[in-house]
Amino acid sequence: QVQLVESGGGLVQPGGSLRLSCAASGSIFSGTTFRMYAMAWYRQAPGKQRELVADITSAGSTTYANSVKGRFTISRDNAKNTVYLQMNSLKPEDTAVYYCNSPTRAVDWGQGTQVTVSS
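The present account deals with the structure reproduced in this document. (Residues numbered from 1 in each chain as written. Predicted model: local features only at pLDDT ≥ 70, side-chain atom pairs only at ≥ 80, totals over all residues. Heavy atoms only, no water.)

### Let's talk about the environment of T32
Residue position: T32 is located in the loop between β3 (18-25) and β4 (39-44). Classification of T32 by relative accessible area gives exposed; the value is 56%. Residues T32 and A79 lie 47 residues apart in sequence; the distance between their C-alpha atoms is 8.3 Å. (Helix = DSSP H or I, 4+ residues; strand = E, 2+ residues; numbered from the N terminus. Buried < 20%, exposed > 50% of the residue type's maximum accessible area, 1.4 Å probe, protein only.)

Here it is in structure tokens:
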């Protein structure tokens, strides 16, 4: 059974920071296999489609959506089967449920973690 468990969301004021974590486990993301896959963070705001926020390849190369470039940083710890999203200078438009998944080996979505940016 493959699991993706996102955590670290919350309510934060504009300009604040949060660090999201995504722990991957199961038959696909176990042992040494996690490091083989690109991983990504996505988000879905109310009434909008899910969108790609950032991704990181197995080699550690990263790409970002223009809307978060310079503010968000994606990273991974292969020893912990975990991918992170450091979010700085948060804006109200970053409010969404954040999810992780692999863009190259997509599995069932997790529950996501809610990020709310509001004063």
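### What to know about the pairing of strand β8 (residues 82-87)
In terms of burial, β8 is largely enclosed, as 5 of its 6 residues are buried. Of the pairings in the sheet, the one linking β3 to β8 comprises 6 bridges and is antiparallel in character. The residue of β8 that forms the bridge with A23 is T82. In the sheet, strand β7 (residues 72-77) pairs with β8 via 6 bridges, with the strands oriented antiparallel. Paired with I74 across the two strands is L85, which belongs to β8. (Pairing = 2+ DSSP bridges.)

### Some thoughts on the state of the cysteines
One pass over the structure, following the stated rule, counts 1 disulfide. A disulfide bridge connects C22 with C100, and the sulfur atoms are separated by 1.7 Å. Note that C22 is positioned in strand β3 and C100 in strand β9 (residues 96-101), a separation of 78 residues in sequence. No difference in accessibility class separates C22 from C100, as the two residues are buried. (Disulfide = S-S within 2.5 Å.)

### Details of the sheet that holds strand β1 (residues 3-7)
With antiparallel pairing, 4 strands are arranged side by side in an open sheet as β1-β3-β8-β7. Each edge of the open sheet carries a strand with a single partner, namely β1 and β7. Strand-to-strand twist of the sheet, defined as the mean angle between neighbouring strand axes without regard to direction, takes the value 15 degrees. Both β1 and β3 contribute to a ladder of 5 bridges, which runs antiparallel. The residue of β3 that forms the bridge with Q3 is S25. (Axes fitted to C-alpha atoms, helices over the stretch in contact; angles between N-to-C directions.)

### Some points on the sheet that holds strand β10 (residues 113-117)
With mixed pairing, 6 strands are arranged side by side in an open sheet as β2-β10-β9-β4-β5-β6. Looking at the sheet topology across the chains shown, the edges are occupied by β2 (10-12) and β6 (62-64). Ignoring which end each strand starts from, the neighbouring axes of this sheet average 25 degrees apart.

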